[in-house]
Each structure stands twice: as C-alpha cells, then as structure tokens.
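Residue-level listing of the chains:
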Amino acid sequence: MSAPITAVAPSSDALVLASIANSIGTITLNNSTRRNALSEVLLDQVMAALDDFKTKEVRVVILRAFEGATVWSAGHDIKELPQANQDPLGYSDPLERTLRAVRAFPAPVIAMVHGSVWGGAFDLVASCDMIIADETCSFAITPANLGLPYNTTGLMHFLGRLPINLVKELFFTAAPIKGNDAYKWGIVNHLVPSAELEAFTTDFATKITKKAPLAISVAKEQLRILTDYQPIAAQIFEQLQEMRRTVYDSKDYTEGIQAFLQKRPAVFTGK
C-alpha cells in the first residue's frame with residue numbers, strides 16, 4: 001500500500017471473504033456491524049475457507065480484518081456464551097474448533113493485524129504461526145471482565161508463546177498491550193508502519209511460498225505436537241476442570257455476562 005489504511009466499509013454482506021492469489025490464501029473477517037465478533041456463523045465460514053484452501057494447495061494463509069477496521073475483532077460473541085451452569089469454552093465450542101483448525105492447517109497461517117484484538121480473538125491470532133502488525137495494534141485477553149473461566153487449552157496457548165509473568169498480567173488485568181510492547185514481548189513478529197502493512201505481509205508470505213511446502217508443513221506439525229502435547233496426569237486435568245466449573249456455576253459469571261449485555265459495569269462479589 002502506498003497510503004495509510006483508512007476506514008472503508010466492507011463491500012460484501014458475507015461475514016468472511018476468502019480469496020487465493022499466487023498460492024496465498026487470504027481470509028478476511030468482514031462483519032463491520034459487530035466489530036468482527038467471533039460468532040458461530042463467522043467462525044464456521046473461517047473453517048470452511050481453510051478446508052477449501054487445503055484442496056487448492058495454498059502454501060500460506062493470511063488472516064486479516066476488512067480494510068480500515070479499527071477493531072480487528074471484538075472477540076468471542078458474548079451473546080452466544082451460555083449464561084450459567086455450562087462450560088462457556090468447551091471442546092466443541094466454535095472458537096475452540098477454529099483454533100484447532102488454524103493450528104493444524106498444513107501451511108503457515110499469518111495474522112495481519114491493524115487495530116485492536118480482544119478476548120478470544122487474541123487466542124485466535126496467537127494460534128496463528130506468526131503475527132505481523134502495525135502501530136495501531138493492541139491485544140487484550142478479557143475473561144476477568146466477564147467472570148469467565150478460561151479453558152486450560154487456551155492458557156497453554158499463551159504459555160507456549162509468552163513468559164508466565166506476562167500471561168498473568170494479561171489475564172489478571174485484562175488491560176491491552178500496545179504495539180511496541182507487543183513487539184518487545186514477542187507477541188508480534190514484525191511491527192511495521194500502517195502504510196506498509198499489506199505490502200510487507202504479502203511480500204513476507206510470498207517468500208514462504210518459494211520454499212519447500214512439504215518441509216514447512218512437517219516442521220509446523222512437529223512444532224505443534226511438541227508444544228501441544230504437554231504431559232498432565234488425568235486427575236490433575238479433572239481438578240482443573242472442577243476448578244473451572246466453580247467459576248461458570250458462580251453468581252459472578254452470571255453477573256459478568258448480564259452486565260456486558262446490559263452495557264453496565266459488572267459488580268463482582270467472588271461468589
């Protein structure tokens with residue numbers, strides 16, 4: 001691009017746009033009215049695009065928001081979360097299925113980030129193989145704002161990328177990390193000016209398409225297995241699940257969801 005990204009409304013009613021050029025598949029989150037909230041319908045379309053890319057020998061995927069989006073994604077669609085007594089992030093949750101699809105995709109997935117990334121969307125970009133962003137980017141993981149017990153798999157995603165003290169800061173404060181700090185902590189691979197973001201990301205992806213795709217695919221899967229399959233005793237996993245259950249069965253979780261939907265500050269009591 002020769003000019004900074006400007007606010008441009010999406011040109012299609014589709015929640016996700018998918019295209020292929022020069023062995024690069026691009027998936028664009030395209031729901032401006034909901035700030036690219038990660039609804040089940042939107043996430044199903046992301047997974048469908050990834051499945052289609054597999055059949056067409058795409059060598060690199062770029063995951064991005066529509067041009068001009070000041071919010072890359074507002075995160076999990078809160079309206080779709082259960083309000084009480086049900087795990088809000090179970091194995092079959094659409095976001096969890098999408099994260100697994102991104103991590104298991106047999107080619108590199110690059111998140112191109114312009115704007116802020118919230119909640120589950122942070123987990124989504126962190127599940128990509130690399131993140132390229134500009135100075136407008138920020139990243140926040142926000143379950144503490146909702147009284148929501150984040151799942152163990154999600155925590156492991158962050159522990160696999162970041163030092164534990166930063167993971168604690170992110171989860172305990174729910175405060176966003178700005179671009180320079182995100183680069184310093186290694187959340188972002190490359191931080192570039194807005195005017196150069198698309199050109200830089202496309203050039204970066206193009207270089208990967210020139211390398212041996214099978215070698216890259218196998219290396220990605222090796223790294224996924226080595227980082228995903230951490231040994232944990234069955235009884236410890238059950239203990240963690242029981243701890244999470246006490247949170248999503250609590251009054252605080254109900255209060256957090258209702259406060260969000262009613263657009264008011266939540267009042268948490270620890271019960």
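See the structure shown above.
Residues numbered from 1 in each chain as written. Predicted model: local features only at pLDDT ≥ 70, side-chain atom pairs only at ≥ 80, totals over all residues. Heavy atoms only, no water.

Digging into unusual backbone geometry
Working step 1: The residue A174 is not glycine, and still its phi comes out positive at about 60°.
Working step 2: Tracing the chain through its elements places A174 in the loop between α5 (164–173) and β9 (177–178). (Helix = DSSP H or I, 4+ residues; strand = E, 2+ residues; numbered from the N terminus.)

Structural notes on the nonpolar core
Working step 1: Among the nonpolar cores identified, the biggest contains 56 residues, and I27, W72, V113, F122, V125, F139 and I187 are the most heavily contacted of them.
Working step 2: When residues in this core are grouped by element, the largest group, six residues, is from helix α1 (residues 40–55).
Working step 3: Ignoring any residue separated from it by four or fewer positions in sequence, one finds V125 in contact with W72, A111, V113, V117, I131, F139 and R161.
Working step 4: With twelve residues, the next largest nonpolar core counts V60, I132, V192 and A205 among its residues. (Core = buried A, V, L, I, M, F, W, Y, C linked by side-chain atoms within 4.5 Å. Buried < 20%, exposed > 50% of the residue type's maximum accessible area, 1.4 Å probe, protein only. Contact = heavy atoms within 4.5 Å.)

Digging into the environment of Q83
Working step 1: Counting through the fold element by element, Q83 comes out in the loop between β4 (71–73) and α2 (94–104).
Working step 2: Taking the C-alpha atoms as reference, Q83 lies 5.6 Å from T254; in sequence the two are 171 residues apart.
Working step 3: Among residues more than four places away in sequence, those in contact with Q83 are Y253, T254, I257, Q258 and L261.

Topic: the side chain of K220
Working step 1: Looking at the secondary structure, you find K220 in helix α8 (residues 213–228).
Working step 2: Here the side chain of K220 touches A107 through a polar contact of 2.9 Å, landing on its backbone oxygen.
Working step 3: Excluding residues that lie within four positions of it along the chain, K220 makes contacts with V102, R103, F105, A107, P108, V109 and D129. (Polar contact = N/O pair within 3.5 Å; in protein donor to acceptor, adjacent residues only side chain to side chain.)

Remarks on the sheet that holds β4
Working step 1: Strand order in the open sheet formed by four strands is β4-β6-β8-β9, and the pairing between neighbours is mixed. Both outer strands of the open sheet, β4 and β9, are each paired with one neighbouring strand and no more. (Pairing = 2+ DSSP bridges.)

What about the side chain of S250?
Working step 1: Position of S250 among the secondary structure elements: in the loop between α9 (234–248) and α10 (251–261).
Working step 2: With a relative accessible area of 12%, S250 lands in the buried category.
Working step 3: A polar side-chain atom of S250 sits 2.5 Å from the main-chain carbonyl oxygen of V247.
Working step 4: A distance of 3.2 Å separates a polar atom in the side chain of S250 from the backbone nitrogen of Y253.

Brief notes about α8
Working step 1: For α8, built from 16 residues, the straight-helix expectation of 22 Å at 1.5 Å per residue is met to within 8% by its first-to-last C-alpha distance of 22 Å.
Working step 2: The inward-facing, buried residues of α8 contact α2 and β5 (109–113). (Expected span 1.5 Å × (residues − 1).)

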